[in-house]
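# Inside the fold
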Amino acid sequence: MTSVDVHQHLWTPSLVAALRARREPPFLDGWTLHLHGEPPFDVPPADHNIAGRAELAAADGLGRVLVSLSSPIGVEWLPAAAARPLLDAYHEGSAALPEPFSAWAAACVRDVDANATAKDLDRGFAGLQLPANALADAAGYARCAPLLDLLEERGLPLFVHPGPAPAESAGPGWWPAMVPYVQQMHAAWFAFRAFGRPRHPGLRVCFALLAGLAPLHGERFAARGGGAEADVDPGVFVDTSSYGPRAVDATVRALGAEAVVQGSDRPYAQPPLNPGFGLGGAAAYAFRVANPRRLLTGR
């Protein structure tokens, strides 16, 4: 009966220290985050206060909150020698978080090392998060296959989250979240259908931000010969991060209520005031309790 939010971000002191130790992106200068492809971002320190975030989770009625490494930072795409200190800091801090927090593991996708990821998962992580732009085509699935094989062997889920935005000319601050992040999730949704599911038939997977609304393109998919529009995969889930009732209602119409899980993306967005997104108490129970349980445990 535990209510779950599958998608939040909480930087522990060990991760903050590791980011401050760097001198090139990604790095923190005090609380200012510097990334390739995005303008400097002033991080509110209170957003990553562990006690304060636990109080917010309790106020939201959540019994479990899964935190993840922010893939847009770009840690997973660094060479292994540069990524490993940051990954170690993330895993060390996340594994020590108090209730109600648990976490997704993270992995280097430039230099894949399934043995290192196995050791990280041994610490009790809920599953593995990978950046969407690492799983956007056949080549990405071939490169990441050892990591996905590991998840299948252990019966653990995959969480697909937007990766770094490509370096572009200056634009409004909302551009990365609205354009490259959404495009990445759209591509990852269809790449999983084309390349991921045939290679990994038993893998459970959750796509952040309603998979960039890719499920709403089922009519076009069917019209262009991709397959039946209603061909819903029971092992595939989408989280609700940054969306509201209109998008969630449309996604439920496309995939069914059984595919939707609450993921708020806190602190970058807030959990919904209405957990059922206007679809009723049964929907709220499905999104926060029943569906996250099936995602995380397969039952």
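Residues numbered from 1 in each chain as written. Predicted model: local features only at pLDDT ≥ 70, side-chain atom pairs only at ≥ 80, totals over all residues. Heavy atoms only, no water.

## As for the packing of helix α4 (residues 114–121) against helix α5 (residues 138–154)
What counts is decided by this rule: Under this scheme, a helix contributes an axis fitted over its contacting stretch, all axes are lines through C-alpha atoms, and angles between N-to-C directions fall in the 0 to 180 degree range. Numbering of helices and strands starts at the N terminus; helices are DSSP runs of H or I of at least 4 residues and strands are runs of E of at least 2. Here a crossing is taken to be left-handed if its near helix is turned anticlockwise relative to the far helix by less than a right angle, and right-handed if that turn runs clockwise. The contact criterion used throughout is that any non-hydrogen atoms of two residues lie within 4.5 Å. In this classification, the charged set is Asp, Glu, Lys and Arg, the nonpolar set is Ala, Val, Leu, Ile, Met, Phe, Trp, Tyr, Cys and Pro, and all remaining amino acids, among them Gly, are polar.
Across the interface, α4 lies against α5 with an axial gap of 9 Å and an inter-helix angle of 35 degrees. Where α4 crosses over α5, the two elements pack in a sense that is right-handed. Where α4 approaches α5, its residues Ala114, Thr117, Ala118 and Leu121 are matched on the opposing element by Pro146, Leu147, Leu150, Leu151 and Arg154. The class makeup of the residues in the contact of α4 with α5 is seven nonpolar, one polar and one charged.

## Observations regarding unusual backbone geometry
The linkage connecting Pro25 with the following residue, Pro26, adopts the cis geometry, with an omega of 0 degrees. Residue placement: Pro26 occurs in the loop between α1 (13–20) and β2 (27–29). For the peptide bond that leads from Arg266 to Pro267, omega is 15 degrees, which places it in the cis range. Along the chain, Pro267 turns up in the loop between β11 (260–261) and α10 (281–297). At Leu213, a position not held by glycine, the phi torsion is positive, near 65 degrees. By secondary structure assignment, the location of Leu213 is in the loop between β9 (205–207) and α8 (218–223).

## A few points about the side chain of Arg197
What counts, and what does not: Burial here depends on accessible area, computed with a 1.4 Å probe over protein chains only, as a share of the maximum for the residue type. Under 20% is buried, over 50% is exposed, and the range in between is partly exposed.
Structurally, the position occupied by Arg197 is in helix α7 (residues 180–199). Overall, Arg197 belongs to the buried group, its relative accessible area being 16%. Once residues lying within four places of it in the same chain are set aside, the contact partners of Arg197 are Phe192, Gly202, Leu203, Asp233, Gly235 and Val236.

## Details of the packing of aromatic side chains
Here is the rule we go by: Pairing of aromatic side chains requires ring centres within 6.5 Å, counting the rings of Phe and Tyr and the six-membered ring of Trp. Pairs whose planes differ by under 30 degrees are stacked, by over 60 edge-to-face, and all others tilted. Remark: a charge is flagged as sitting over a ring if the NZ atom of Lys or the CZ atom of Arg is within 6 Å of the ring centre and within 35 degrees of the ring normal.
Under the definition given, this model contains seven aromatic pairs. An angle of 40 degrees between the planes, with centres 5.9 Å apart, marks the rings of Trp174 and Trp175 as tilted. Overall, Trp174 belongs to the exposed group, its relative accessible area being 51%. Accessibility expressed as a relative area gives 34% for Trp175, which makes it partly exposed. Chaining the aromatic ring pairs together yields one cluster made of Tyr141, Trp189, Phe192 and Phe207. The lysine or arginine in question, Arg20, covers the ring of Trp31, its NZ or CZ lying 4.9 Å from the ring centre.

## Observations concerning the sheet that holds strand β10 (residues 236–239)
Convention followed: Strand pairing is assigned whenever DSSP identifies at least 2 bridges connecting the two strands.
Within the open sheet, the five strands sit side by side as β7-β8-β9-β10-β11. Their pairing is parallel. Edge positions in the sheet fall to β7 (128–131) and β11, since each of these pairs with one other strand and no more. In the sheet, strand β8 (residues 158–161) pairs with β9 via three bridges, with the strands oriented parallel. Along β9, the bridge assignment pairs Val160 with Phe207.

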